[in-house]
There are 2 protein chains.
Amino acid sequence: MIAVDWGTTALRGALLAADGTVLAEHAAPRGLLSVPPGGWGAAFEAEFGAWLAAHPGLVCLMAGMVGSRQGWAEAAYCRCPAGLADVAAQLCWVQPGRVAIVPGLCCEADGVPDVMRGEETQVFGALQALGLQVATLVLPGTHSKWVQVQGGRISHFSTHMTGECYALLRSQSILARMLPADDGAWVPEAFDAGVARAFDAGGLLHHLFSVRSLALFGRDDGPALASRLSGLLIGEELRAQALPAGAPVAVLGSPALAGRYQRALAQRGHPVTAVQADAGWMGLLAVARAAGLLAAPGPAEADALPAGTLRP
Amino acid sequence: MIAVDWGTTALRGALLAADGTVLAEHAAPRGLLSVPPGGWGAAFEAEFGAWLAAHPGLVCLMAGMVGSRQGWAEAAYCRCPAGLADVAAQLCWVQPGRVAIVPGLCCEADGVPDVMRGEETQVFGALQALGLQVATLVLPGTHSKWVQVQGGRISHFSTHMTGECYALLRSQSILARMLPADDGAWVPEAFDAGVARAFDAGGLLHHLFSVRSLALFGRDDGPALASRLSGLLIGEELRAQALPAGAPVAVLGSPALAGRYQRALAQRGHPVTAVQADAGWMGLLAVARAAGLLAAPGPAEADALPAGTLRP
């Protein structure tokens, strides 16, 4: 099958064997914003036409903002709790039998909805990789997602504007004057101090100001202040989870950012498992299987296939 | 005397009779950023020279960022707890006997310092206006200040980047797409919902995202979302105070912004007193008296003065 993660600014795809082996990968800076109205089919053919021509009958599943209102087609959100079967039952076919969009998820708490598009397939992939049915996962990023899994299904999740707030404060606020133009060396001790501070009384809007006041008194310099700011924001994200003591957390993401979350979680006494960011390919494969688009090969069957053979 | 509030972007001054009567006021967009190095004396003469020429021997006290490192002279912070006498004892004379800067305050909690410049004179003025020796005050703004007063002295305070974060999120974040170009009509119910939401579990970085998700589901429109965002941030500022139930709070500020804080505090069950934003003139007058720069006239004495007479 072909697995595609099509986001706002970029697109990534993988050609997968039925056993999940990645046969080829493809990435392009061709996000939603660069596709003209009515240009979705052409863009898709330009990026993945060669793979489909070489492997006729192959199915393609896409996840991410491609299914948003500004995307190829709006794939209605699947309501939580949602597992593989729920998502598979709600595929949005843009080319029937050939290309489908995996729906994002929505949930609601206290009358306020929350949404994700794309992260759900990464979570499903991570659950398979970890062999877990119950888990707490975090996907750090511009809009971090915290995900609760019960019985193999995503029961609830919440979005945190951590990465975006960091970028804004880092470059646009009064704090930017205190910080070097680029982050420079990460200062783990200053990051740790920021995480710890986030758990003190006073609130985020107050703690942020410490980046300025510490600089005013010459107690910290640029790189340390940038690391502290990062710790304050990630610490606030952790504080808001109110995680039970000792609760394990799986972190899915790029090594640099995931490493910061791992460090912050470890400081707070939580066992951490790191999951490769490309868990999404495994997740899309699992959705395809749940939708009956691929047979699930037993190990013997998979072994019997010549290397590189695709199961349509 | 002449009382001056000289800030980063603007300058305000008042010609005061010894009993506090405002005889004249003057404002100019001549903040710190517009004064060239070495140009402070000339800028001061250009703005206030006529008053001083008309009333020889008059003393001028200035508060605000004019006393910062980037200002006329760096006035060392006065450490909390600090009252009128402490501040008066630490005046920074830039023209001996004629023009002095009132020092800002600093305090420290858990190894993290905090600072203010200018708000302290507003607080002293408000305490006189309210006749209070013990109080909790808030000065809303770009960097809101919460101030604790014990025995007539400022015992502790904390800065919150509420106004700045609102402006950044309002105009620069992904939420800006959901919001009208200008705030439009304020929607009190949406503001109230934001304040209430800030006290729910989940944390500010999560609650902010509700501005987007509510818009995605068409549950709120532009002006309501802007009011909700304002409520979320002001609510978070209140939440972080952990005010005792029923504790009274004095709000010092411009009517529009102070009105939002009054409404949020009332929702949380706190009796509110509003204080005029120009309490600063009374505060500077009180500092001048505490410094022995003005005699404190009894009512009879003040009555005996011809209107407009200045006491040097």
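Preceding block: the structure.
Analysis parameters
- Residues numbered from 1 in each chain as written.
- Chains lettered and ligands numbered in written order.
- Predicted model: local features only at pLDDT ≥ 70, side-chain atom pairs only at ≥ 80, totals over all residues.
- Heavy atoms only, no water.
- Pairing = 2+ DSSP bridges.
- Helix = DSSP H or I, 4+ residues; strand = E, 2+ residues; numbered from the N terminus.
- Axes fitted to C-alpha atoms, helices over the stretch in contact; angles between N-to-C directions.
- Contact = heavy atoms within 4.5 Å.
- Buried area = accessible area lost by both parts, 1.4 Å probe.
- Salt bridge = Lys/Arg side-chain N within 4 Å of Asp/Glu carboxyl O.
- Polar contact = N/O pair within 3.5 Å; in protein donor to acceptor, adjacent residues only side chain to side chain.
- Nonpolar A, V, L, I, M, F, W, Y, C, P; charged D, E, K, R; others polar.
- Buried < 20%, exposed > 50% of the residue type's maximum accessible area, 1.4 Å probe, protein only.
- Least-squares fit on C-alpha atoms with pLDDT ≥ 70 in both.
- Parallel < 35°, antiparallel > 145°, perpendicular 65-115°, else oblique.
- Left-handed = near helix turned anticlockwise from the far one by under 90°.
- Phe/Tyr/Trp six-rings, centres within 6.5 Å; stacked < 30°, edge-to-face > 60°.
- Lys NZ or Arg CZ within 6 Å of the ring centre and 35° of its normal.

Q: Please explain the sheet that holds strand 9 (residues 112-116) of chain B as it appears in this structure.
A: Paired through their backbone hydrogen bonds, the strands of a sheet run either parallel or antiparallel. All names here are of chain B. Across the sheet, three strands lie side by side as 5-8-9; this open sheet has mixed pairing. Taken across any chain shown, the strands that pair with only one partner, and hence form the sheet edges, are strand 5 (78-79) and strand 9. As paired elements, strand 5 and strand 8 (residues 105-109) share two bridges and run parallel to each other. Across the sheet, arginine 79 pairs through a bridge with cysteine 106, a residue of strand 8.

Q: In this structure, what is going on with the sheet that holds strand 14 (residues 272-275) of chain B? I would like to understand it.
A: All names here are of chain B. One open sheet accounts for five strands, arranged 12-11-10-13-14; its pairing is mixed. For this open sheet the edge positions go to strand 12 (153-160) and strand 14, each flanked by a neighbour on one side alone. When strand polarity is set aside, the average angle formed by the axes of neighbouring strands in this sheet is 25°. As paired elements, strand 10 (residues 135-139) and strand 13 (residues 249-252) share two bridges and run parallel to each other. When the sheet's bridge partners are listed, valine 138 is paired in strand 13 with valine 251.

Q: Help me understand the interface of chain B and chain A in this model?
A: Much of the literature gives interface size as the accessible area that the parts lose upon coming together. Taken together, the 49 residues of chain B in the interface contact 49 residues of chain A. Contact with chain A buries area across many residues of chain B, yet Met161, Leu205 and Phe209 of chain B alone supply 18% of it, more than any other trio. Where chain B touches chain A, the interface holds four salt bridges. Close ionic contact of glutamate 108 of chain B with arginine 219 of chain A constitutes a salt bridge, the shortest N to O distance being 2.8 Å. The tally of links from chain B across to chain A stands at 16 residue pairs in polar contact (both at pLDDT 80 or more). Of the residues contributing to the side of chain B that touches chain A, the split by class is 22 nonpolar, 13 polar and 14 charged.

Q: In this structure, what is going on with unusual backbone geometry? I would like to understand it.
A: For residues besides glycine, phi is generally negative; the peptide bonds are generally trans as well. With an omega dihedral of 0°, the bond running from cysteine 80 of chain A to proline 81 of chain A counts as a cis peptide bond. Following the sequence through the fold, proline 81 of chain A ends up in the loop between strand 5 (78-79) and helix 2 (84-88). If you check the backbone angles, aspartate 110 of chain B has positive phi at about 55° while not being a glycine. Looking at the secondary structure, you find aspartate 110 of chain B in the loop between strand 8 and strand 9. The exposure class assigned to aspartate 110 of chain B is exposed, which follows from its relative accessible area of 64%.

Q: Sorry, what's going on with the relation of the copies chain B and chain A here?
A: What relates the pair of chain copies is a rotation about an axis plus a shift along that axis. Least-squares fitting of chain B to chain A yields an RMSD of 0.0 Å, with the superposition described by an axial translation of 0.0 Å and a rotation of 180°. Taken together, the turn and the small shift mark the pair as related by a two-fold rotation axis. Relative to the rotation axis, the C-alpha of leucine 168 of chain B is the closest in chain B, positioned 3.5 Å from it.

Q: What should I look at first to understand the packing of helix 4 (residues 162-172) of chain B against helix 8 (residues 222-241) of chain B in this one?
A: Helix-helix packing: each pair is described by the crossing angle between the helix axes and the interaxial distance. Residues and elements named next belong to chain B. Relative orientation of the contacting elements helix 4 and helix 8 amounts to 150°, with a least axis distance of 10 Å. Comparing the axis directions of helix 4 and helix 8 gives the class roughly antiparallel. Regarding helix 4 and helix 8, the two cross each other, and that crossing is right-handed. On the side of helix 4, the interface is formed by Thr162, Cys165, Tyr166, Leu169 and Arg170, while helix 8 contributes Ala226, Leu229, Ser230, Leu233, Ile234 and Glu237. Of the residues assigned to the contact of helix 4 with helix 8, the class counts are seven nonpolar, two polar and two charged.

Q: Looking at this model, I keep getting lost on the packing of aromatic side chains. Mind explaining?
A: To describe a pair of aromatic rings, you give the distance between the ring centres and the angle between the ring planes. Residue and element names in this part refer to chain A. With the rule as written, the count across this model stands at 16 aromatic pairs over all chains. Residues phenylalanine 48 and tryptophan 51 carry aromatic rings whose centres are separated by 5.6 Å and whose planes lie at 45° to one another, so their mutual orientation is tilted. Taken together, the residues span about one helical turn, with phenylalanine 48 and tryptophan 51 both in helix 1 (residues 40-54) at a distance of three residues. Given the relative accessible area of 0%, phenylalanine 48 is considered buried. These aromatic residues form a ring-pair network of at least three members: Trp6, Trp40, Phe44, Phe48, Trp51 and Trp72. Its end group placed over the ring of phenylalanine 199, arginine 268 keeps NZ or CZ at 3.3 Å from the ring centre.

Q: I tried to follow the side chain of glutamate 236 of chain B on my own but got confused; where do I start?
A: By the element assignment, glutamate 236 of chain B lies in helix 8. Among residues more than four places away in sequence, those in contact with glutamate 236 of chain B are Gly203, Leu204 and Leu205 of chain A together with Ala198 and Leu204 of chain B.

Q: Is there a simple way to think about the pairing of strand 10 (residues 135-139) of chain A in this case?
A: Looking down a regular strand, the side chains alternate between one sheet face and the other. Residue and element names in this part refer to chain A. Judged by how many residues are buried, strand 10 sits mostly within the fold: five of five residues are covered. The alternating pattern of strand 10 places Ala135, Leu137 and Leu139 on one face and Thr136 and Val138 on the opposite face, and all of these are buried. Strand direction decides the pairing type here: strand 10 and strand 11 (residues 144-150), joined by five bridges, are antiparallel. Paired with alanine 135 across the two strands is valine 149, which belongs to strand 11. In this antiparallel pair of consecutive strands, strand 10 and strand 11, the connection spans four residues.

By themselves, these observations are geometric and do not establish any function.
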